[in-house]
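Structural overview
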Protein chains: 2
Amino acid sequence: VEVTPIGRIRSPWLTKESCPIQPHFADGALGTVEFFPPFDQGLDSIDTFSHVYLLYAFDRASPVRLQTDTFLDDTVRGIFACRHPCRPNGIGLSVVRLLRREGNILHVSGIDVLDNTPLLDLKPYIPNYDRADDATPGWTAGVTWRPKREGSE
Amino acid sequence: VEVTPIGRIRSPWLTKESCPIQPHFADGALGTVEFFPPFDQGLDSIDTFSHVYLLYAFDRASPVRLQTDTFLDDTVRGIFACRHPCRPNGIGLSVVRLLRREGNILHVSGIDVLDNTPLLDLKPYIPNYDRADDATPGWTAGVTWRPKREGSE
């Protein structure tokens, strides 16, 4: 299956070391999602939503590995049990807040991806579909966020 | 960017007409997610989570269109303002409940994808990252689910 960027994500995060590990930790970090023409024609009605999913390519990730340490603790986990970028197919997923649309550009907050990341898709966050109220945090329960270590990713 | 299936999703839904439009409407529909070796090596710790995201290829979607009618009402929307399969890059996203793991197979419920759909990625649903408690339903507010029309997709 061949996928092609439909736009790019602009963010304040220029290096892996500076980039927050998930939107939750990105607080109000502001960014933009720029759609390449003609894909901006697919944005009608998007501004009715407060949140959207970004799907993007981890274009600067290290080689794929199936087990990895994580940003949160020192236990090795399966790559599918974490959100680490070094994963098969290298597709990232983030929920961000949609602030406003200006033509082919969406202004968002809570952005946690590297500047110039290739956008693959954008979907509305629909609470009825996407909010799992009884979801449990799995192995992330009780872990404390820590800054990235040097050279980690 | 080239992506390759890492497994396949088995579900009760053999035709587009029978397939529910989102997991929310799939109720307790049971399915399995089969990982092709060696990708099952990436599943360690996955069974600590109650919910997971499935990312998959819309392999039986009609040609891409940037504006479309939807399953929910008769207004034409931008493709990025809905979850319709006929989208650029054709990647689907669903939140499902993880029931248990048996080797390379995950048993899930709330499955809303066609049988034999190619799996591209699986990520843990982490409430701190993924549950937007103040998200609004956008244009889907107040719309009533309706059965699919003949020939629609």
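Residues numbered from 1 in each chain as written. Chains lettered and ligands numbered in written order. Predicted model: local features only at pLDDT ≥ 70, side-chain atom pairs only at ≥ 80, totals over all residues. Heavy atoms only, no water.

The two copies are related by a screw operation: chain A maps onto chain B through 180 degrees of rotation and 0.0 Å of translation along the axis, at an RMSD of 0.0 Å. Expressed as an axis order, the relation between the two copies is that of a two-fold axis. Every residue of chain A has its C-alpha some distance from the rotation axis, and the shortest such distance is that of A:Glu2, at 2.4 Å. Both copies share a contact surface, since 100% of the interface residues of chain A are interface residues in chain B too. (Least-squares fit on C-alpha atoms with pLDDT ≥ 70 in both. Contact = heavy atoms within 4.5 Å.)

A few words now on the confidence of the model for chain A. All names here are of chain A. Mean pLDDT for chain A: 89, with 90% of residues reaching 70 or above. Counting interchain partners and residues more than four positions distant, the pLDDT-below-50 stretch residues 147-153 has 20 contacts. Predicted complex, confidence summary: ipTM 0.91, pTM 0.92. (pLDDT = per-residue confidence, 0-100.)

All right, on to the packing of aromatic side chains then. Tallied over the entire structure, the rule returns seven aromatic pairs over all chains. Relative to A:Phe58, the ring of A:Tyr56 has its centre 5.6 Å away and its plane inclined at 85 degrees; by these criteria the two rings are edge-to-face. By relative accessible area, A:Phe58 is classed as partly exposed at 23%. Consider the rings of A:Phe80 and B:Phe35, whose centres lie 5.1 Å apart with planes at 50 degrees: the pair is tilted. On the criterion of chain membership, the pair formed by A:Phe80 in the loop between strand 5 (77-78) and strand 6 (91-102) and B:Phe35 in strand 2 (residues 30-35) is interchain, its members lying in two chains. Neither residue differs from the other here; A:Phe80 and B:Phe35 are each classed as buried. What links up through ring pairs into an aromatic cluster is the set A:Tyr53, A:Tyr125, B:Tyr53 and B:Tyr125. (Phe/Tyr/Trp six-rings, centres within 6.5 Å; stacked < 30°, edge-to-face > 60°. Buried < 20%, exposed > 50% of the residue type's maximum accessible area, 1.4 Å probe, protein only. Helix = DSSP H or I, 4+ residues; strand = E, 2+ residues; numbered from the N terminus.)

Take the interface of chain A and chain B next. Taken together, the 63 residues of chain A in the interface contact 63 residues of chain B. With both chains or domains summed, chain A and chain B bury close to 6000 Å², and 57% of this area falls on carbon and sulfur atoms. Connecting chain A to chain B are six salt bridges. Residue A:Asp130 is joined to B:Arg83 by a salt bridge in which the shortest nitrogen-to-oxygen separation is 2.8 Å. In this structure, the connection of chain A to chain B is made through 43 residue pairs in polar contact (both at pLDDT 80 or more). Among the secondary structure elements, those contributing two or more residues to the side of chain A that touches chain B are helix 1 (23-26), strand 3 (51-57), strand 5, strand 6, strand 8 (117-124) and helix 2 (127-130) of chain A. (Buried area = accessible area lost by both parts, 1.4 Å probe. Salt bridge = Lys/Arg side-chain N within 4 Å of Asp/Glu carboxyl O. Polar contact = N/O pair within 3.5 Å; in protein donor to acceptor, adjacent residues only side chain to side chain.)

Time to look at the pairing of strand 7 (residues 105-109) of chain B. Residues and elements named next belong to chain B. Among the five residues that make up strand 7, four are buried, leaving the element largely enclosed by the rest of the structure. With five bridges connecting them, strand 2 and strand 7 associate as antiparallel partners. Bridging from a neighbouring strand, Gly 31 pairs with Val 108 of strand 7. As paired strands, strand 6 (residues 91-102) and strand 7 are joined by five bridges and run antiparallel to one another. Across the sheet, the residue bridging to Arg 97 is Ser 109, located in strand 7. The antiparallel hairpin formed by strand 6 and strand 7 contains two residues in its connecting segment, where Gly 103 sits at a positive phi of about 60 degrees. (Pairing = 2+ DSSP bridges.)

With that settled, the discussion passes to the sheet that holds strand 3 (residues 51-57) of chain B. Reading around the barrel, the six strands line up as 1-2-7-6-3-8 (chain B) and close back on themselves, with antiparallel pairing between neighbours. In this sheet, adjacent strand axes meet at a mean angle of 45 degrees when their direction is disregarded. (Axes fitted to C-alpha atoms, helices over the stretch in contact; angles between N-to-C directions.)

The topology assignment puts A:Arg87 in the loop between strand 5 and strand 6. Note on A:Arg87: relative accessible area 1%, which makes it buried. Polar side-chain contacts of A:Arg87 include one of 3.1 Å to the backbone oxygen of A:His84. Aside from chain neighbours lying at most four places away, what touches A:Arg87 is A:Phe58, A:Val64, A:Ile79, A:Phe80, A:Cys82, B:Asp121, B:Leu122 and B:Lys123.

A word on the environment of B:Ile9. Residues and elements named next belong to chain B. With respect to the helices and strands, Ile 9 occurs in strand 1 (residues 7-10). Spatially, the C-alpha atoms of Ile 9 and Gly 42 are 17 Å apart, while their sequence positions differ by 33 residues. Apart from the residues lying within four places of it in its own chain, the contact partners of Ile 9 are Thr 32, Leu 54, Tyr 56, Ile 111, Val 113, Leu 114, Asp 115, Asn 116, Thr 117 and Leu 119.

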